[in-house]
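One letter stands for each residue in the lines below.
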Amino acid sequence: MSANPQQPDAKDAKGNVKQVLRRPRWGRLQLSASPLHARHASMRQYGVHMSTLYSDLALAEPLKRAVADMGYETMTPIQAQAIPVVLAGQDVMGAAQTGTGKTAAFSLPLLQRLMKHETASVSPARHPVRALVLLPTRELAVQVADQVKQYAKYTQLRSAVVFGGMDMKPQTAELRQGVEVLVATPGRLLDHIEAKTAVLNQVEYVVLDEADRMLDIGFLPDLQRILSHLPKSRTTLLFSATFSPEIKRLAESYLHDPITIEVARPNATASTVDQHFYLLDDEDKRRAIRQVLKDKELRQAFVFCNSKLGTARLARALERDGLKTTALHGDKSQDERLKSLEAFKQGEVDLLVATDVAARGLDIKDVPAVFNYDVPFNPEDYVHRIGRTGRAGASGLAVTLVTRGDQRLMGELEKLLKTKIELEHLEFEGERPHGRANDGRRRWQGEETGDSRDDARRARGERRGTTPRGAPSAPADPFFNQPYTAEASAEQAPPAWDTPQRPRAGRSANIKPKRAVAALFKAPEPSTEPAS
């Protein structure tokens, strides 16, 4: 079967069908049946031998030096398949698990293709924007820009990053000096386009990283406006960990005859991550986090929530529990978010509580665990969340705290992962409650009053304020057991308040005397002794 219906299959001297590269409009990189080494021959059609070593790539010497300085020797599967295709100038849709090196898969071939424009001139006109990388979050934009600078540090190619939440003036000054590679978030890039500080009429390559979120309905209008300023003839690359059928249909209008490269099953999670789902109540979630941290002896972890308010509240609560915690969400300023990330990278805090703003592409090494405090509303976000651990082949732990109200979300997650999720029960260590807890039966359990005599009472089975069983009772006073008897004189004498009072001497007869009122205690009699 031939790749082109009009061309017959080529055969070698032994009569075997040679390897022929087929490029369907929407499909994987498909190769027809052939001898084992024929796959390598098909990659040579793009001018690159199929190899897993960076040293075998047709990269310029400055790029190879930069890769060697970063300690990279062997390519990941997405890099080994995508780099040769991008070097050939083809549109690509790359689907790979998070943490498999998608950034290098598009950065290195783009820089190699731009080496022909390398110049030592200081004129901004000689450094127009030729490659545009769009990302959904500020943190991811900063991370990708740092990696691009490291790859290009031995070249004359310039790069810059622009994102919201910061002053535009420093970004404008950098853009006016001229850059070949521009890394940006959509909102701030539109601000620079309107201010005419970003000119995109010479862009040759466009990269949409985390493409499923970029092409989501919230980013679609901004993307359409940005793409309208770009030349029609360009190479477009889409890379993400997840691709839904709806996203593929939307991306069809942006890519020309693309090659889809999938190195794993779509929406698959990394096999190096140990996943656990614990069924518990809402009030036990914080206790579960502390229990797992203690049992697994974890130093650091991500904790993901669904809302900004919930993130802030959980961070404060965990801080009160004695854990060094910082929060990362959209309501924080860019400076606060960068400081939180830096503190977590330096190991100054134990937990980074974040919304899904941090779930996309952040590459922080040696994070051993991820906690899903809330089951994500969007099941694709689960793949990105747990992708923060187990990166670059390392092992990791992902713990999801599930309540009985999460049945619908768990059903959607099972549908995405195409597997049945088994819910586990977490055994908590017996902890004595702090303070006294009322059990509703008018007595107190677990008294913690600080009184040393309480322990002795508890050992004898007594309660505070009660008489021990078997102890002799004090004799009762007989006076208090007698019935009430009125005095005889009191029965004959009228009440004091009914006795008519005579007007005092020296007081006018028109003044009505005060009526006597019964009182519990008798007022003292006025003294009649003359003053000495």
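The shown structure was predicted, so the numbers you read here are calculated from the model rather than taken from an experiment. (Residues numbered from 1 in each chain as written. Predicted model: local features only at pLDDT ≥ 70, side-chain atom pairs only at ≥ 80, totals over all residues. Heavy atoms only, no water.)

1. Here we look at the packing of helix α7 (residues 186–194) against helix α9 (residues 220–227)
Point 1. Interhelical geometry of α7 versus α9 gives an angle of 40° and a closest axis separation of 10 Å. The crossing of α7 and α9 is left-handed. Residues Pro 186, Leu 189, Leu 190 and Glu 194 of α7 form the contact with α9, whose participating residues are Asp 222, Arg 225 and Ile 226.
Point 2. Taken together, the residues of the contact of α7 with α9 break down into four nonpolar, no polar and three charged. (Axes fitted to C-alpha atoms, helices over the stretch in contact; angles between N-to-C directions. Helix = DSSP H or I, 4+ residues; strand = E, 2+ residues; numbered from the N terminus. Left-handed = near helix turned anticlockwise from the far one by under 90°. Contact = heavy atoms within 4.5 Å. Nonpolar A, V, L, I, M, F, W, Y, C, P; charged D, E, K, R; others polar.)

2. Examining the environment of Leu 255
Point 1. The residue Leu 255 is located in the loop between α10 (245–251) and β9 (259–262) in this model.
Point 2. Leu 255 gets classed as buried once you look at its relative accessible area, which sits at 6%.
Point 3. Sequence separation between Leu 255 and Val 92 is 163 residues; the distance between their C-alpha atoms is 8.0 Å.
Point 4. Apart from residues lying up to four places away in sequence, Leu 255 is in contact with Asp 91, Val 92, Met 93, Thr 236 and Leu 238. (Buried < 20%, exposed > 50% of the residue type's maximum accessible area, 1.4 Å probe, protein only.)

3. Thoughts on the environment of Glu 61
Point 1. When you line up the elements, Glu 61 lands in helix α2 (residues 61–69).
Point 2. The sequence separation of Glu 61 and Tyr 154 amounts to 93 residues, and the corresponding C-alpha distance is 9.0 Å.

4. Things to note about the packing of aromatic side chains
Point 1. A complete count under the given rule lists four aromatic pairs for this structure.
Point 2. Over the aromatic face of Tyr 154 sits the side chain of Arg 65, whose NZ or CZ is 3.9 Å from the ring centroid.
Point 3. The ring of Tyr 373 is capped by Lys 285, whose NZ or CZ atom sits 5.0 Å from the centre of that ring. (Phe/Tyr/Trp six-rings, centres within 6.5 Å; stacked < 30°, edge-to-face > 60°. Lys NZ or Arg CZ within 6 Å of the ring centre and 35° of its normal.)

5. Some words on the pairing of strand β7 (residues 205–209)
Note on strand geometry: in a regular strand, side chains alternate between the two faces of the sheet.
Point 1. Burial analysis of β7 places five of its five residues in the buried class, which makes it a mostly covered element.
Point 2. Burial of β7 is two-sided: the residues Tyr 205, Val 207 and Asp 209 facing one way and the residues Val 206 and Leu 208 facing the other way are all buried.
Point 3. When strand β4 (residues 131–134) meets β7, the two strands line up parallel, connected through four bridges. Paired with Leu 132 across the bridge in β7 is Val 206.
Point 4. Across five bridges, the pairing between β7 and strand β8 (residues 235–240) is parallel. Within β8, the residue paired with Val 207 across the bridge is Leu 237. (Pairing = 2+ DSSP bridges.)

6. Here's the deal with the pairing of strand β12 (residues 325–328)
Point 1. By the alternation rule, side chains of β12 split into Thr 325 and Ala 327 and Thr 326 and Leu 328, which are all buried.
Point 2. Sheet analysis places β12 next to strand β13 (residues 351–354), joined by four bridges and oriented parallel. Note that in β13 the partner of Thr 326 across the bridge is Leu 352.
Point 3. You can see the chain leave β12, run along helix α13 (residues 334–345) and come back into β13, and the turn it takes is right-handed. (Right-handed = clockwise from strand over helix to strand, strands pointing away.)

7. Examining the nonpolar core
Point 1. Grouped together as the largest cluster of nonpolar side chains are 45 residues, with contacts concentrated most on Phe 106, Val 144, Val 183 and Leu 237.
Point 2. Not counting the four nearest positions on each side in its chain, Phe 106 is found in contact with Val 133, Val 144, Val 207, Asp 209, Leu 237 and Phe 239.
Point 3. Grouped together as the second largest cluster of nonpolar side chains are 32 residues, Ala 95, Val 206, Leu 223 and Leu 230 included. (Core = buried A, V, L, I, M, F, W, Y, C linked by side-chain atoms within 4.5 Å.)

8. Description of helix α4 (residues 102–114)
Point 1. With 13 residues, α4 should cover 18 Å at 1.5 Å per step; its first-to-last C-alpha distance of 19 Å lies within 8% of that length.
Point 2. With eleven of its 13 residues buried, α4 lies for the most part within the structure.
Point 3. Listed as buried for α4 are Lys 102, Thr 103, Ala 104, Ala 105, Phe 106, Ser 107, Leu 108, Pro 109, Leu 110, Leu 111 and Leu 114. (Expected span 1.5 Å × (residues − 1).)

9. Some remarks on the side chain of Arg 234
Point 1. Tracing the backbone through its elements, the reader meets Arg 234 in the loop between α9 and β8.
Point 2. Buried charge without a salt bridge: Arg 234, with Asp 91 as the nearest opposite-charge side chain at an N-O distance of 7.3 Å.
Point 3. Looking at Arg 234, its side chain comes within polar contact range of the main-chain oxygen of Pro 231, at 2.8 Å.
Point 4. Leaving out residues up to four positions away in the same chain, Arg 234 has contacts with Asp 91, Val 203, Glu 204, Val 206, Leu 227 and Tyr 254. (Lys, Arg positive; Asp, Glu negative; His and termini not counted. Salt bridge = Lys/Arg side-chain N within 4 Å of Asp/Glu carboxyl O. Polar contact = N/O pair within 3.5 Å; in protein donor to acceptor, adjacent residues only side chain to side chain.)

10. Observations regarding the pattern of salt bridges
Point 1. Counted according to the given criterion, the structure contains 14 salt bridges.
Point 2. Here Glu 139 and Arg 337 are joined by a salt bridge, their closest N and O atoms 2.6 Å apart. Separated by 198 residues along the polypeptide, Glu 139 in helix α5 (residues 138–151) and Arg 337 in helix α13 bring together distant segments of the chain. Note on accessibility: Glu 139 and Arg 337 belong to one class, buried.
Point 3. The closest approach of N and O atoms between Arg 290 and Asp 321, which form a salt bridge, is 2.9 Å. Note that Arg 290 is positioned in helix α11 (residues 285–296) and Asp 321 in the loop between α12 (308–320) and β12, a separation of 31 residues in sequence.

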